[in-house]
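Chain by chain, the residues:
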Amino acid sequence: MAEQVTTVDEYIASRPADVQQMLSEIRSRLRSALPEAGETISYGIPTMTLHGKHLVYFGAWKHHIAVYPIPAADLAFEQEIAPYRAGQGTLRFPLRKPIPYDLIQRLATLLAEQRG
């Protein structure tokens, strides 16, 4: 069985080098959008917290990176995230395609506005 990670640094370091770069950039963008956020591991994946509450999760899988949950948004944002939607509350970004980091950063800002 795989060893359980306890920090975001350990989680990122446990992934392949190319995925580490993607996760590090996502983490950086989330920190930029959420300067007061904390970090933890929840459900085995990195989680940004705000005011003690879990706000946004992100994790790497075999073929994609997922970000959860999806905030309520206007039609333009909904159309922008539509290609990545994988269920009601999940966005999946294929590893073989460029990751839309700006979109993930805006998603975090919306979540903070709605839940913060």
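Preceding block: the structure.
The sections below set out a description of the structure shown in this document. (Residues numbered from 1 in each chain as written. Predicted model: local features only at pLDDT ≥ 70, side-chain atom pairs only at ≥ 80, totals over all residues. Heavy atoms only, no water.)

### Some words on the packing of aromatic side chains
Enumeration over the complete set of coordinates arrives at 2 aromatic pairs. Between Tyr43 and Tyr57, the ring centres sit 6.0 Å apart and the planes meet at 55°, which makes this aromatic pair tilted. Taken together, the residues span a long stretch of sequence, with Tyr43 in the loop between strand 1 (38-42) and strand 2 (45-50) and Tyr57 in strand 3 (residues 53-60) at a distance of 14 residues. For Tyr57, a relative accessible area of 16% gives the class buried. A cation over an aromatic ring shows up here: Arg15 above the ring of Tyr11, its NZ or CZ 4.0 Å from the ring centre. (Phe/Tyr/Trp six-rings, centres within 6.5 Å; stacked < 30°, edge-to-face > 60°. Helix = DSSP H or I, 4+ residues; strand = E, 2+ residues; numbered from the N terminus. Buried < 20%, exposed > 50% of the residue type's maximum accessible area, 1.4 Å probe, protein only. Lys NZ or Arg CZ within 6 Å of the ring centre and 35° of its normal.)

### So, the sheet that holds strand 4 (residues 64-68)
Taken in spatial order, the 5 strands make up an open sheet running 1-2-3-4-5, and their pairing is antiparallel. Both outer strands of the open sheet, strand 1 and strand 5 (91-94), are each paired with one neighbouring strand and no more. Taking each pair of neighbouring strands and ignoring which way they run, the sheet shows an average axis angle of 25°. Two elements, strand 4 and strand 5, share 4 bridges in a ladder whose sense is antiparallel. Bridge pairing in strand 5 places Ile65 opposite Phe93. The strands touched by helix 2 (residues 17-33) within the sheet are strand 1, strand 2, strand 3 and strand 4, with strand 3 carrying the most contacts at an inclination of about 160°. Each of strand 2, strand 3, strand 4 and strand 5 touches helix 4 (residues 101-115); the most contacted strand, strand 3, lies at about 160° to it. (Pairing = 2+ DSSP bridges. Axes fitted to C-alpha atoms, helices over the stretch in contact; angles between N-to-C directions. Contact = heavy atoms within 4.5 Å.)

This is a description of form; function is not addressed.
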